[in-house]
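Geometric and topological summary
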Amino acid sequence: MPRKKKTPKIFVLDTSVLLYDYEAVKNFEKNDIAIPITVLEEIDTFKKGNTVTNLHAREFIRYLDGISNTNMLHDWTPLNGRTHGKLKVIQDSISHEVDAIKAFGSATNDHRILNATLSIKEEYPERRVVLISKDINLRIKARALNLEAEDYETVQVKDIEHLYRGKTEMDIEDPSIIAKFYEKGKLRPKEMMEEKSIANHYYLMKSHGSSALGTYNAKSRYIELIDKSTMNAYGIHPRNAEQTFALHALMNPEVLLCTVTGAAGTGKTLLALASALEQRSSFKQIYLARPIVPLSNKDIGYLPGDAEAKINPYMQPLWDNLSFIKNQFKETSKQYKKIDEMVQTEKLRIVPLAYIRGRSLSNVIFIIDEAQNLTPHEVKTIITRAGQNTKIVFTGDIFQIDTPYLDAQSNGLSYLVDRMNNNPIYAHINLEKGERSELANIASQLL
């Protein structure tokens, strides 16, 4: 008996999905895609500019133009490729049963998108219609109108609670093992009862009052001793074991890609900047950047001044960290003057992320702060710019996200940590202990 053919679903895509991933229409197998005409109007408002969001808007417009060259988009138009379904642009005509504009009391674009979804659900009662959106509030409103609504989860970390942390704390029963570790400077993983080690994974070993720090070298297949007393970068010394791990990863010439995560005050940005300054002779330039996430969803265009003046307020935390490093030295010292000289000669530059698009970055150490506000596609775009002798460092707190369409599971930093661990050229460490001040630590714990 022939197998009954499944009826394709209809996925209605919100603007937020296409700005997050302009190729989203290709990720729903043989199901059909409906794009509300209001979404096209919103996409049009994003096409100008140099952010990755603007790039995604332009790329989607080009893709839509390509498939509609000889077709009218108000009819179902085949998507490129045999594994894809069809696409149609739908109107936001009011359903006979429900009107989202009346239900919520305003004629916003979100409510027009809901009306479009209601209309196509009514037009195809035999098919499952699902609204896909990165906007949590829109999904809630959809469900209030008896519409199915889901997040766009194609690029997402499934188990965020068990996201790789880069380190293991071990209690060693036999104190002679730690003594041997100090004597020889290395151990086989099996000597620590470690069955499988991850490349550049870090260990804090404790035994009867003694302790040792180590990291697994995938080339030598040994856990190698880390001497905390020798770890420093441009006057900055690690204050705890995990900061020692972070500084070791940042300073390791074999590690070309490094991520450091942790809450505010754990020292991730400071350590990254200090390590870059310490390694300045190994690279032609040091680039520092962070995503621009305007407050209250305002574009930076409303700020006064030229492009540099508009960007500076968002980059101030990076300048603050540089000032802290400078102040470890006297104003008359070579180290203090060297930072000012590097800024003046542009050997050290604080740049917007849009600056690197289309470029090949060679002989550069590139630090991207607040990377949790990047999408997976943006992170990939940055890394694929890397040329010869380039090291890229991402820092951020995956639980402190400032952009509305990302969360701990879908942001680019989480995705990078999840996908890259156990690669010999990659290292990650999650910082947990706050070192900013006693006041900051108390506030973090109690407030």
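Everything in this summary refers to the structure shown in the same document. A quick note: this is a predicted structure, and the numbers were derived from the prediction, not measured.

**Quick look at the overall build of the protein**
A count of helical and extended segments in the protein gives 14 helices and 17 strands. Across the 447 residues in the protein, those meeting the buried criterion constitute 48%. The long-range share in the protein, meaning contacts at least 24 apart out of those at least 6 apart in sequence, stands at 68%. Carbon together with sulfur atoms contributes 49% to the accessible area of the protein, which is approximately 23,400 Å² in total.

**Describing the sheet that holds strand β4 (residues 86–90)**
Pairing within the open sheet is mixed, and its 6 strands lie in the order β3-β4-β2-β1-β5-β6. Lying at the two open borders of the sheet, with one neighbouring strand each, are β3 (77–78) and β6 (148–150). For strand β1 (residues 10–13) and strand β5 (residues 129–132), the ladder comprises 4 bridges, and the chain directions are parallel. Pairing of Leu13 across the sheet is with Ile132, part of β5.

**What about the pattern of salt bridges?**
Per the stated rule, a full pass over the model turns up 20 salt bridges. Asp44 serves as the salt-bridge partner of Lys47, at 2.9 Å between the closest nitrogen and oxygen. Here Arg128 makes a salt bridge to Glu150, at a shortest N to O gap of 3.4 Å. Note that Arg128 is positioned in the loop between α5 (109–123) and β5 and Glu150 in strand β6, a separation of 22 residues in sequence. Accessibility expressed as a relative area gives 32% for Glu150, which makes it partly exposed.

**Section: the sheet that holds strand β14 (residues 348–350)**
Hydrogen bonds between backbone groups are what pair the strands of a sheet, and the pairing can be parallel or antiparallel. Judged by pairing direction, the sheet is parallel, and its 6 strands sit side by side in the order β14-β13-β15-β16-β12-β17 without closing on themselves. The sheet is open, and its two edges are formed by β14 and β17 (426–431), each paired on a single side. Strand after strand, the sheet turns through a mean of 15° between neighbouring axes, direction not considered. In terms of strand pairing, strand β13 (residues 285–289) meets strand β15 (residues 364–368) through 5 bridges, oriented parallel. Residue pairing for β15: Leu288 is matched across the bridge by Ile367. Contacts from helix α8 (residues 241–251) reach β12 (257–262), β16 (391–396) and β17 within the one sheet, and its direction differs from that of β17 by about 155°. Contacts between helix α9 (residues 268–278) and the sheet are confined to β12, β13, β14, β15, β16 and β17, with β16 contributing the most and set at about 160° to the helix.

**Quick notes on the pairing of strand β10 (residues 210–217)**
Note that strand β9 (residues 202–207) and β10 share 6 bridges and pair antiparallel. Note that in β10 the partner of Tyr202 across the bridge is Thr215. Taken together, β9 and the strand that follows it, β10, pair antiparallel across an intervening segment of 2 residues, in which His208 is found at a positive phi of about 50°. One ladder, built from 5 bridges, connects β10 with strand β11 (residues 222–226); its direction is antiparallel. Bridge pairing in β11 links Asn217 to Tyr222. Here β10 hands over to β11 after 4 residues, with Arg221 in that stretch at a positive phi of 65°.

**Digging into the packing of helix α12 (residues 376–383) against helix α13 (residues 412–420)**
Orientation of α12 relative to α13, taken along the N-to-C sense of each, is 65°, at an axis distance of 7 Å. With respect to α13, the element α12 is oriented roughly perpendicular. Crossing geometry of α12 relative to α13 is assigned as right-handed. Contact residues: Pro376, Val379 and Ile383 in α12; Gly412, Leu413, Tyr415 and Leu416 in α13. When the residues that make up the contact of α12 with α13 are grouped by side-chain class, the tally is 6 nonpolar, 1 polar and no charged.

About the thresholds
- Residues numbered from 1 in each chain as written.
- Predicted model: local features only at pLDDT ≥ 70, side-chain atom pairs only at ≥ 80, totals over all residues.
- Heavy atoms only, no water.
- Helix = DSSP H or I, 4+ residues; strand = E, 2+ residues; numbered from the N terminus.
- Buried < 20%, exposed > 50% of the residue type's maximum accessible area, 1.4 Å probe, protein only.
- Contact = heavy atoms within 4.5 Å.
- Areas by Shrake-Rupley, 256 points an atom, 1.4 Å probe, with all protein chains shown as cover.
- Pairing = 2+ DSSP bridges.
- Salt bridge = Lys/Arg side-chain N within 4 Å of Asp/Glu carboxyl O.
- Axes fitted to C-alpha atoms, helices over the stretch in contact; angles between N-to-C directions.
- Parallel < 35°, antiparallel > 145°, perpendicular 65-115°, else oblique.
- Left-handed = near helix turned anticlockwise from the far one by under 90°.
- Nonpolar A, V, L, I, M, F, W, Y, C, P; charged D, E, K, R; others polar.

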